[in-house]
Amino acid sequence: MKLKMQLKAEAGDLGIDKLGFASAEPFSELLERLIRHREAGRESGFEEPDLHKRIDPKLSFPDGEPRSILAIAVAYPAKLKSPPKSEPGAFRGILSRSAWGEDYHTVLRARLSKLEARLKELVPGCRCVSMVDTGALVDRAVAQRARIGWFGNNCSVITPEFGSWVYLGEMITDIPFPPDPPVIDDCGDCTICIDACPTGALVGRGELDAQRCVSYVTQTKGFVSDELKRKIGNRLYGCDTCQIVCPKNKGLNFTHHPELQPDPELAKPLLKPLLSMGNREFREKFGRTAAAWRRRKPIQRNAVIALGHFRDETAVPDLIRLLRGDERPVMRGTAAWALGRIGGAEAENALKEAFSREEDPEAKEEIRRALQSLCGGAPSCYDGNSLREAGENEE
C-alpha cells in the first residue's frame, strides 16, 4: 500500500493524469459477451483474434505470474483554438480528437516507460509488461477494474475528473498491489449518446456494432456503402459524436500536455489538397498523428466523400482526374459517387466516358449508380442497356 500511494503521488510528475490498480485475475465475465459480439458480426477486425488472450493477463505475461495491473489515463484536448472554417471552394474535413497532436500510442508508451523505470528503481527485479491500445487485453475493462472510471453507455471509459477525453494504457506486473475502490457508474438512464449516434452503431447500453461505427468505417480501406458514405459527412478519421453529446464531457478541455495539443490546420485540413497528396507528403504532414496508421488511402477516400457531401463544384476537375486516372478502384468508384452528388454536365460526361472503359466491377457499379442518381434514381434511367448504348455511340 505504501508503494502504491507513493506511485500515485508521483504520477503527475510522470505525465500521468490518473493511475489505478487492479488485480490480474482473468476477466472471465467478459468471455461470454465477447463470444456474443463475434457471433453477431460486431467486431471491427482490429481486435486480438484470440478471445482467451483478451481476457487473461497471464497470456500476455510469459514466464511469470502476474499479480496486478496498473492502468493509466492521460487527458487530451476536446476543443480547437481558433479553428479554421470551411468556405465555398475551400471546404475542410476533420480528424477526431484522438488524432490531434502527437500519436497517443507514442505518448503513452513513453509515460508507461517512465512508470516502469520508476517501479524497477523502487522494486529491483520486478517484472512489467506494458501495452497501449494494440495489446491483447481490453483496455476499457482494465481501466474499469482499476477504477479509472466507469464503462459508459457510449462504450468509452468515463472518468469523474476528465470525462471520456482520456487515453488509456496498462502495465501488468508481478507486484501484488492492493486494488483501488470502485467508481460508481454514473450514466444512469441517460441515452443521449445512443440517440445521437449517426449510424445507430450503439445498439444498446455499452454495446457497439463496430461494423456500423463511423469511426471504424473511416479507417477501412475498401468501398463504403451509399448509406454509410452519407453518414460520414466530412469526417476524415474517427468520430466524436457520442463523446461530444455526453453530459459528463460538457465544458471539458485539457491543454496541459503540450505534445497532445492540435495544429488546427492538421485537425481540420483542406480537402482538395489531400486528393493529390503522395505517400511522402502524407507522412510528412500526418505521420506523427494517430491517423497515419492506416496510411493515406482511407483519408483520401474520405476526403472524396466529404467533397461529395459538400457538393463542391470546384472539386469536379480533381474528382474527374481521379475517376480517369487513379490506379485504385476504390478511389475511382468513390470519385464517381461524389460526382453523382455534385452533378452538372461536366460530371455526367466524365461518368459516361468512365463507365465505357471501367473494368473493375465494383467501381463500374459505383459509376452506374452515380449516373442514375443524376436523373433522380429512376430505374430505367442509366440502366445497363442505356449505358452500353451510350458507350457504343461515343466510340
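See above for the structure.
Within every chain, residues take consecutive numbers counted from 1 along the sequence as written. Since the coordinates come from a predicted model, pLDDT governs what is reported: local features require at least 70, and pairs of side-chain atoms require 80 or more to be given and counted, while whole-chain, interface and lining totals use all residues. Processing note: side-chain calculations cover all non-hydrogen atoms of the structure and skip hydrogens and water entirely.

### What about the overall build of the chain?
Working step 1: Across its full length, the chain holds 18 helices and 10 strands.
Working step 2: Dimensions of the chain, computed from the C-alpha atoms along their principal axes, are close to 85 × 45 × 40 Å.
Working step 3: Partly exposed residues are those whose accessible area sits between 20% and 50% of the maximum for their type, while under 20% is buried and over 50% is exposed, using a 1.4 Å probe and protein chains only. Each of the 395 residues in the chain was classed as buried or not, and the buried ones make up 52%.
Working step 4: Considering only contacts within the chain whose residues lie at least 6 apart along the sequence, 75% involve residues at least 24 apart.
Working step 5: In short, Shrake-Rupley with a 1.4 Å probe defines the accessible areas, and a residue's cover is counted only from the protein chains shown. Carbon and sulfur atoms make up 49% of the accessible area of the chain, which amounts to about 18100 Å² in all.
Working step 6: The convention is simple: Lys and Arg are positive, Asp and Glu are negative, and His and the chain ends are not counted. Charge positions are represented by NZ for Lys, CZ for Arg, CG for Asp and CD for Glu. Charge centroids of the chain, computed over 58 positive and 58 negative side chains, lie 3 Å from each other. Helix and strand assignments come from DSSP, with helices taken as H or I runs of at least 4 residues and strands as E runs of at least 2, each series counted from the N terminus. For this analysis, residues touch if any pair of their heavy atoms sits within 4.5 Å.

### Here's the deal with the environment of R311
Working step 1: Mapping R311 onto the fold places it in the loop between α13 (296-310) and α14 (316-325).
Working step 2: Counting along the chain gives 240 residues from R311 to A71, while the straight-line C-alpha distance between them is 45 Å.

### Quick look at a positive patch on the surface
Working step 1: Patch criteria: residues need more than 30% relative accessible area and no salt bridge. Like-charged residues are merged within 9 Å; nonpolar side chains of Val, Leu, Ile, Met, Phe, Trp and Tyr are merged within 5 Å. The term salt bridge refers to a pairing of a side-chain nitrogen on Lys or Arg with a carboxyl oxygen on Asp or Glu at a separation within 4 Å. On the surface, K221, R280, R283 and R295 cluster together to form a positively charged patch.
Working step 2: Mapped onto the fold, K221 is located in the loop between α7 (214-217) and α8 (226-232).
Working step 3: On the basis of relative accessible area, K221 is assigned to the partly exposed category, the value being 35%.

### Digging into the pairing of strand β1 (residues 18-23)
Working step 1: Of all the 6 residues making up β1, 5 are buried; the element is thus mostly covered by neighbouring parts of the structure.
Working step 2: By this definition, two strands are paired if DSSP reports at least two bridges between them. In the sheet, β1 pairs with strand β2 (residues 68-75) via 6 bridges, with the strands oriented antiparallel. Residue pairing for β2: G20 is matched across the bridge by A71.

### Quick notes on unusual backbone geometry
Most peptide bonds take the trans form, and the phi angle of most residues other than glycine is negative.
Working step 1: Positive phi is not limited to glycine here, since D63 has a value of about 60°.
Working step 2: By the element assignment, D63 lies in the loop between α3 (51-55) and β2.

### Looking at the nonpolar core
Working step 1: In terms of nonpolar packing, the biggest core is built from 88 residues, with L7, L19, L115, L119, L319 and L323 touching the most fellow members.
Working step 2: At 7 residues, helix α15 (residues 329-342) tops the list of elements feeding residues into this core.
Working step 3: Every residue in contact with L19, bar those within four places of it in the chain, is listed here: L7, K8, A11, L70, A71, I72, L115, I148 and D180.
Working step 4: The term nonpolar core refers to a set of buried residues drawn from Ala, Val, Leu, Ile, Met, Phe, Trp, Tyr and Cys, joined through side-chain atoms within 4.5 Å. Counting 26 residues, the second largest nonpolar core, distinct from the first, contains L51, A73, A141 and F162.

### Comments concerning the packing of aromatic side chains
Geometry of an aromatic ring pair is reported as the spacing of the ring centres plus the angle between the planes.
Working step 1: Ring pairs shown here join Phe, Tyr and Trp side chains whose ring centres sit within 6.5 Å, with only the six-membered ring taken for Trp; geometry is labelled stacked below 30 degrees between planes, edge-to-face above 60, and tilted in between. Enumeration over the complete set of coordinates arrives at 9 aromatic pairs.
Working step 2: On the basis of an interplanar angle of 55° and a centroid distance of 5.6 Å, the ring pair of F46 and Y216 is categorised as tilted. With a gap of 170 residues between them, F46 in the loop between α2 (28-39) and α3 and Y216 in helix α7 connect regions that are remote in the sequence.
Working step 3: Under the relative-accessibility criterion, F46 is labelled partly exposed at 38%.
Working step 4: You can call Y216 buried: its relative accessible area is 14%.
Working step 5: For the pair Y104 and Y167, a centre-to-centre distance of 4.4 Å together with 5° between the ring planes defines the contact as stacked. Of this pair, Y104 sits in helix α4 (residues 104-122) while Y167 sits in strand β7 (residues 166-173), and the two are 63 residues apart along the sequence.
Working step 6: When its relative accessible area of 14% is taken as the criterion, Y104 is described as buried.

### Overview of the environment of P62
Working step 1: When you line up the elements, P62 lands in the loop between α3 and β2.
Working step 2: Along the sequence, P62 and V129 sit 67 residues apart, while their C-alpha atoms lie 9.3 Å from each other.

### Here we look at the side chain of R332
Working step 1: Note that R332 resides in helix α15.
Working step 2: Side-chain atoms alone can form a polar contact between residues adjacent in sequence; in general such a contact is a pair of N or O atoms within 3.5 Å, and within protein one must be able to donate a hydrogen while the other accepts it. At 3.3 Å, the side chain of R332 and the backbone oxygen of E327 are in polar contact.
Working step 3: If we ignore the near neighbours within four places in the chain, the residues touching R332 are L322, L323, D326, E327, E358 and D360.

### Details of the pattern of salt bridges
Working step 1: Taken as a whole and judged by the stated rule, the model has 27 salt bridges.
Working step 2: For E43, the salt bridge is made with R38, and the minimal N-O distance between the two is 3.1 Å.
Working step 3: When its relative accessible area of 16% is taken as the criterion, E43 is described as buried.
Working step 4: With a relative accessible area of 33%, R38 lands in the partly exposed category.
Working step 5: Between K229 and E366 there is a salt bridge whose closest N-O contact spans 3.2 Å. Highlighted residues: K229 in helix α8 and E366 in helix α17 (residues 361-373), separated in sequence by 137 residues.
Working step 6: Among the charged side chains, a salt-bridge network with shared partners connects D226, K229, E365, E366, R368 and R369.

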